[in-house]
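Observations on the three-dimensional arrangement
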Amino acid sequence: MKLFDTHAHILDARFDADRDEVLKRCREVGVERIMEGCCDEAEIDAVLALAEKEEMVVGSVGVHPHAAREMTNATLDKMEQALAHPKILAVGEIGLDYHYDFSPRDVQRHWLGQQLALAAQKNVPVILHNRESSGDMLEILTAHKNGLRGVMHSFSGSYETAARCLDLGLYIGLGGPLTFGNAVKPRELAARLPIDRLVIETDCPYLTPVPFRGKRNDPSLLPYILTALAQCRRMDEQELAEQLFANSLALFQLI
Ligand code: NI
């Protein structure tokens, strides 16, 4: 079984003590590729270094809405340079977060637009973060729909929002919440979306799947998310894994 964790943060300090062991465990359970998300300018060099060191890791460069208030045009230049690296495959994670509002909303919207424009210019996918901001998100994505490709990561919205994302050509990323006891709606949604537009992710160290909820998440727990999705869709796990792996390769333009 081959699995692709399409969204992880293994550069998080919570992995400093055992990052090598975690990656070894990933290989043992079939996680062959990991897409490392980048959250701010300071992380760009670290993502590059990680992707160079670890064969299984590919990377993205981008500024998360939480850090948008620190972003400058120099950050955009640095991202553009990093995108020349053969293992830097996406712009992300970028988006809007109106739950925490760590950056002013107009600043979040501005840098989302700028980063979408860079991704389109470079012909790379985007990794999108959207929390309590679907109206503005869909409006900005629609304005940038030419050349748009990418994934709405850790999707938690309605079917209607998912349908709009699919119309824009995006993939939908699903993770640990599918395993949560109260996740009736997310499981119904996961059963209903087109199979060729789904990918799975851990978003580690966050969103740990059951039965490890409350502990640190890591990409070796991805099989629990596969199992939950296979159950929602009443599909054979092996067959589902193959489809998801192919979708992930297509998303990141690896085929
Ligand atoms: Ni993330």
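Residues numbered from 1 in each chain as written. Predicted model: local features only at pLDDT ≥ 70, side-chain atom pairs only at ≥ 80, totals over all residues. Heavy atoms only, no water.

A short note on the sheet that holds strand E1 (residues 3-8)
Strands sit in the order E1-E2-E3-E4-E5-E6-E7-E8 across an open sheet of eight strands; the sheet is parallel. Edge positions in the sheet fall to E1 and strand E8 (198-200), since each of these pairs with one other strand and no more. Taken pair by pair, the neighbouring strands of this sheet meet at an average axis angle of 30°, ignoring direction. Bridge analysis of strand E6 (residues 150-152) against strand E7 (residues 171-174) gives two bridges, and the strand direction is parallel. Of the residues in E7, the one forming a bridge with Met152 is Ile172. Its contacts with the sheet place helix H4 (residues 105-122) against strand E4 (88-97) and strand E5 (126-131), and it is angled at close to 160° to E4. (Pairing = 2+ DSSP bridges. Helix = DSSP H or I, 4+ residues; strand = E, 2+ residues; numbered from the N terminus. Axes fitted to C-alpha atoms, helices over the stretch in contact; angles between N-to-C directions. Contact = heavy atoms within 4.5 Å.)

A short note on the environment of Leu168
With respect to the helices and strands, Leu168 occurs in the loop between helix H6 (159-167) and E7. On the basis of relative accessible area, Leu168 is assigned to the buried category, the value being 13%. Between the C-alpha atom of Leu168 and that of Asn146, which follows or precedes it by 22 residues, the distance is 9.3 Å. Beyond its immediate sequence surroundings of up to four residues, Leu168 is in contact with Leu138, Leu141, Thr142, Lys145 and Leu148. (Buried < 20%, exposed > 50% of the residue type's maximum accessible area, 1.4 Å probe, protein only.)

Things to note about the coordination of the nickel ion
Only His7 (NE2), His9 (NE2), Glu93 (OE) and Asp203 (OD) from the protein reach the nickel ion as donors, at distances of 2.0 to 2.5 Å. Around the nickel ion, the four donor atoms are arranged such that angles at the metal cover 82 to 171°; this shape is classified as irregular. Ordering the donors of the nickel ion by residue number gives the pattern H-x1-H-x83-E-x109-D. Placement of His7 in strand E1 and of Asp203 in the loop between E8 and helix H8 (222-233) is noted, with a sequence separation of 196 residues between them. Across the pair, Asp203 and His7 agree in class, each one buried. (Donors = N, O, S within 2.8 Å, 3.2 Å for Na, K, Ca; no water. Tetrahedral: all angles 85-135°; square planar, octahedral: opposite > 155°, others 65-115°.)

Describing helix H9 (residues 237-251)
An α-helical segment advances 3.6 residues per turn. Residues three or four places apart therefore align on the same side. In this model, H9 (15 residues) spans 21 Å end to end at C-alpha, consistent with the 21 Å of a helix rising 1.5 Å per residue. Along H9, the positions that sit buried rather than exposed are Leu240, Ala241, Leu244, Phe245, Asn247, Ser248, Leu249 and Leu251. Looking at the buried residues of H9, the elements they touch are E1, strand E2 (31-36), E6, E7, E8 and H8. Where H9 begins, one side-chain oxygen reaches toward the backbone nitrogen of Gln238, 3.3 Å away; that side chain belongs to Asp236. Downstream of H9 by one or two residues, Gln253 has phi in the positive range, about 60°. (Expected span 1.5 Å × (residues − 1). Polar contact = N/O pair within 3.5 Å; in protein donor to acceptor, adjacent residues only side chain to side chain.)

Focus on the environment of Pro211
Residue position: Pro211 is located in the loop between E8 and H8. Sequence spacing of Pro211 and Phe4 is 207 residues, and the spatial spacing of their C-alpha atoms is 21 Å.

These results come straight from atomic positions and should not be treated as a statement about function.
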